[in-house]
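# Chain and residue survey
As a plain string of letters, each chain reads:
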Amino acid sequence: MATIKEQYDEAITQLTQEGSPFSLGQKTVDGVSYKVFDQAAKNLPDIYAEARAHGDKDFIVYEGERWSFNDVFKQADAIGYQLLNDLGVEKGDRVAIAMRNYPEWITSFIAITSIGAVVVPLNSWGQAKELEYALTDAGAKVVFCDQQRLDYIADRLPALGIQAIVARPTAAAVNDSIQTLEDFTAGLDEQTMPQVEIAGEELGLMMYTSGTTGNPKGAVSSQHAVCQALTAFEVSGYAHAMSNPEALETLASKGYEPAQMLAVPLFHVSGCYAVFLLSLKAGRRIVMMYKWDAQQALQLIEQERVTVLSAAPTMIMEMLELPEFDPVKTHSLWNVGGGGSATPPRAAQLILEKVDAPYPGTGWGMTESNAVGASFTGQAFQYKPGSAGFVAPVVDIEIRDSDGNLAEPGEAGILWIKSPTLIKEYWNKPEANAKDFKEGWFDSGDIGYFDEEGYLFLSDRAKDMIIRGGENIYPAEIEAVLFDHPEILEATVFGLPDSRMGEQVAACIKPRPGSNVEKDAIKDFARQHLAGFKVPHYVWIHNEELPKNASGKVLKKDLKEAMINNLGLRAD
């Protein structure tokens with residue numbers, strides 16, 4: 001009997017064979033040959049043209065509002081017309097979006113990319129300094145924003161030479177650089193989108209990295225790379241479905257129309273690609289949340305019969321552990337999973353225990369790969385829930401040591417990735433480009449390995465690895481153990497400087513409400529499951545929620561600095 005991996009590989013072979021809609025070919029980009037989907041869309045307007053056929057079907061459900069595909073494209077067409085004809089935006093000009101999750105974020109994105117401009121989604125969690133940096137670095141000509149983001153930058157707009165278009169304003173404009181979206185598109189309900197010829201290799205998207213150290217970098221993608229990424233998601237999804245026929249039969253028997261919750265920010269690759277763009281292409285309804293709230297998520301799943309939830313593992317655990325979570329009321333929920341890394345054991349356990357007939361999954365990708373890398377779903381996830389999955393068909397991954405040499409089979413090393421989905425470059429960062437890109441390969445900065453069956457496992461981020469007395473320690477391994485402690489709600493692990501050992505292991509944990517867990521008890525628990533040198537030397541019991549970035553990842557740098565200051569540690 002074929003293994004799960006062999007079933008998946010056979011499905012990929014069938015889907016990508018010559019003559020199929022997902023057939024594979026070769027394409028040379030900037031002198032490098034890549035495997036590509038040779039029938040994929042060449043640019044985003046081609047994808048939008050297909051999506052228009054969904055007509056009056058609901059696309060976005062937001063705070064009681066219902067937007068059909070026609071509603072979305074009507075507003076997008078008006079915005080595109082005005083960008084070109086009123087503001088003089090040309091191909092290659094950068095146009096930013098700085099707002100929380102609103103339907104207008106989506107219509108702005110469609111409009112900008114339809115006329116050949118480069119869309120620049122900005123981190124809506126950023127304050128004035130961060131927003132001004134990104135707008136200046138990108139050389140943005142226009143910014144679409146909400147009131148809160150406008151308030152941060154309004155006074156600086158004239159000096160920056162940027163026009164702001166404000167969605168859902170709550171205050172009057174303070175200068176001539178500001179106009180409302182309603183005024184901007186007034187009288188253009190019947191206007192069609194301008195037709196602009198866009199080559200696949202022209203730039204389409206600039207996403208800023210999270211910037212946990214220093215200023216964020218603008219990751220620039222071609223329209224071709226974005227379309228290849230979307231096709232890679234589709235092919236992997238079909239292959240996983242073909243490998244899980246019983247799960248698909250269960251979904252069909254439930255009788256719910258596919259609907260996906262948008263619980264993560266649109267400015268992040270997971271929200272933009274895995275939810276917005278893939279749902280647009282597939283004609284799938286999106287239930288949009290302004291921001292994550294576990295209680296509200298439960299209500300929306302019940303009311304809107306949500307079938308798919310993709311979120312950070314911490315978000316999934318928070319929702320599944322609510323006393324109000326009821327498998328009967330959430331009967332529609334089926335496909336639950338996270339992305340960006342492997343799923344912590346506790347999150348996997350909760351999904352399998354609490355979701356009715358679950359089809360769980362996870363994946364690994366990054367901004368620089370346009371979210372594509374590895375993934376798996378269903379029985380493969382249940383077989384090896386600690387894995388990040390199977391490599392996508394247009395992705396090559398090599399495991400290399402710190403000197404750039406191939407690691408021995410089964411050994412952990414740095415993941416280098418080659419794919420047509422990779423970004424073209426970091427914007428205005430020649431030193432970073434020279435360091436991280438080598439002959440079509442990109443240094444992901446993640447540490448991982450392939451097991452004997454071809455499953456990809458991630459150990460940690462290279463920058464997060466702790467070196468204690470010459471021993472390499474991966475925080476993710478320790479975090480997984482701590483998550484299993486019944487009195488720990490959140491946990492993160494990092495290294496602190498030590499004059500004798502180089503670094504010592506430190507753990508910052510948030511206990512569950514009502515818990516009186518003590519530091520020594522946490523260390524004793526870790527000692528039962530880990531080698532002695534991996535047991536946390538320092539434990540910080542943090543009674544507030546651990547600080548996180550927009551993608552739900554804990555800000556280790558902030559916690560590490562706080563512990564160093566509190567303990568008076570120095571590296572000498």
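Right, let's walk through the structure included here. (Residues numbered from 1 in each chain as written. Predicted model: local features only at pLDDT ≥ 70, side-chain atom pairs only at ≥ 80, totals over all residues. Heavy atoms only, no water.)

Reading across from one edge, 27-28-29 is the order of the three strands in this open sheet, with mixed pairing throughout. The outermost strands of the open sheet, each flanked by one partner alone, are strand 27 (488-498) and strand 29 (538-541). For this sheet, the mean inter-axis angle between neighbouring strands, taken without regard to orientation, is 20°. Those strands touched by helix 18 (residues 519-527) are strand 27, strand 28 (502-511) and strand 29, and its axis lies near 125° from that of strand 29. The strands touched by helix 19 (residues 556-567) are strand 27, strand 28 and strand 29; relative to strand 27, the strand with the most contacts, the crossing angle is about 60°. (Pairing = 2+ DSSP bridges. Helix = DSSP H or I, 4+ residues; strand = E, 2+ residues; numbered from the N terminus. Axes fitted to C-alpha atoms, helices over the stretch in contact; angles between N-to-C directions. Contact = heavy atoms within 4.5 Å.)

All right, on to empty space enclosed by the protein then. Picture a little ball the size of a water molecule; that probe, rolled over the atoms, points out where space is still empty. For the coordinates displayed, the defined rule picks out one cavity of 30 Å³ or more. Roughly 30 Å³ of volume is contained in the largest cavity. If you trace the largest cavity, you find it lined by Ile 4, Tyr 8, His 240, Ser 243, Asn 244, Thr 377, Ala 380 and Phe 390. Taken together, the residues of the lining of the largest cavity break down into four nonpolar, four polar and no charged. (1 Å grid on protein atoms, 1.4 Å probe; cavity = no way out; pocket = protein on both sides within 12 Å on 5 of 7 lines; lining within 4 Å. Points joined across faces, edges and corners; volume = space filled by probe spheres on them. Nonpolar A, V, L, I, M, F, W, Y, C, P; charged D, E, K, R; others polar.)

Below, the discussion takes up unusual backbone geometry. Here Arg 168, not a glycine, exhibits a phi torsion of approximately 55°, which is positive. Assignment of secondary structure puts Arg 168 in the loop between strand 8 (163-166) and strand 9 (178-180). Of note, Asn 370 is a non-glycine position whose phi angle comes to about 55°, a positive value. Classification of Asn 370 by relative accessible area gives buried; the value is 2%. (Buried < 20%, exposed > 50% of the residue type's maximum accessible area, 1.4 Å probe, protein only.)

Bringing the layout of surface pockets into the picture now. What the second largest pocket holds in volume is close to 330 Å³. Every residue lining the second largest pocket is counted, 16 residues in all, and those nearest its centre are Val 29, Asp 30, Tyr 34, Ile 423 and Lys 424. Looking at the lining of the second largest pocket, the elements with two or more residues in it are strand 2 (32-37) and helix 9 (223-242). Tallied by class, the residues present in the lining of the second largest pocket amount to eight nonpolar, four polar and four charged.

Turning our eyes to something else, we now look at the state of the cysteines. In the structure shown here, the tally under the stated rule is zero disulfides. In this structure Cys 145 is not part of a disulfide, and its nearest cysteine sulfur, from Cys 272, lies 18 Å away. With relative accessibility at 0%, the residue Cys 145 sits in the buried group. Free of any disulfide, Cys 227 has its nearest cysteine sulfur in Cys 272, 12 Å distant. Taking relative accessible area as the criterion, Cys 227 reaches 0% and is therefore assigned buried. (Disulfide = S-S within 2.5 Å.)

Here we take up the packing of aromatic side chains. Counted under the stated rule, the structure contains 20 aromatic pairs. When the centroid spacing of 5.9 Å and the interplanar angle of 75° are considered together, the rings of Tyr 62 and Tyr 102 count as edge-to-face. Here Tyr 102 lies in the loop between strand 5 (94-98) and helix 4 (103-114) and Tyr 62 lies in strand 3 (residues 58-62), a separation of 40 residues in the sequence. A connected cluster of aromatic rings, assembled from ring pairs, spans Tyr 8, Phe 376, Phe 381, Tyr 383, Phe 390 and Tyr 455. Positioned above the aromatic ring of Tyr 34, the side-chain terminus of Lys 418 is 5.7 Å from the ring centre. (Phe/Tyr/Trp six-rings, centres within 6.5 Å; stacked < 30°, edge-to-face > 60°. Lys NZ or Arg CZ within 6 Å of the ring centre and 35° of its normal.)

All right, on to the pattern of salt bridges then. By the definition in use, this model includes 29 salt bridges. The shortest N-O distance in the salt bridge between Asp 9 and Lys 5 comes to 3.0 Å. Taken together, the residues Asp 9 and Lys 5, both in helix 1 (residues 4-15) and four residues apart, mark about one turn of the helix. The exposure class of Lys 5 is buried, given its relative accessible area of 17%. A salt bridge links Lys 548 to Glu 545; the shortest N-O distance between them is 3.2 Å. With relative accessibility at 15%, the residue Lys 548 sits in the buried group. Overall, Glu 545 belongs to the exposed group, its relative accessible area being 53%. Connected through salt bridges with shared partners, the residues Asp 58, Arg 66, Glu 257, Arg 285 and Glu 304 form a single ionic network. (Salt bridge = Lys/Arg side-chain N within 4 Å of Asp/Glu carboxyl O.)

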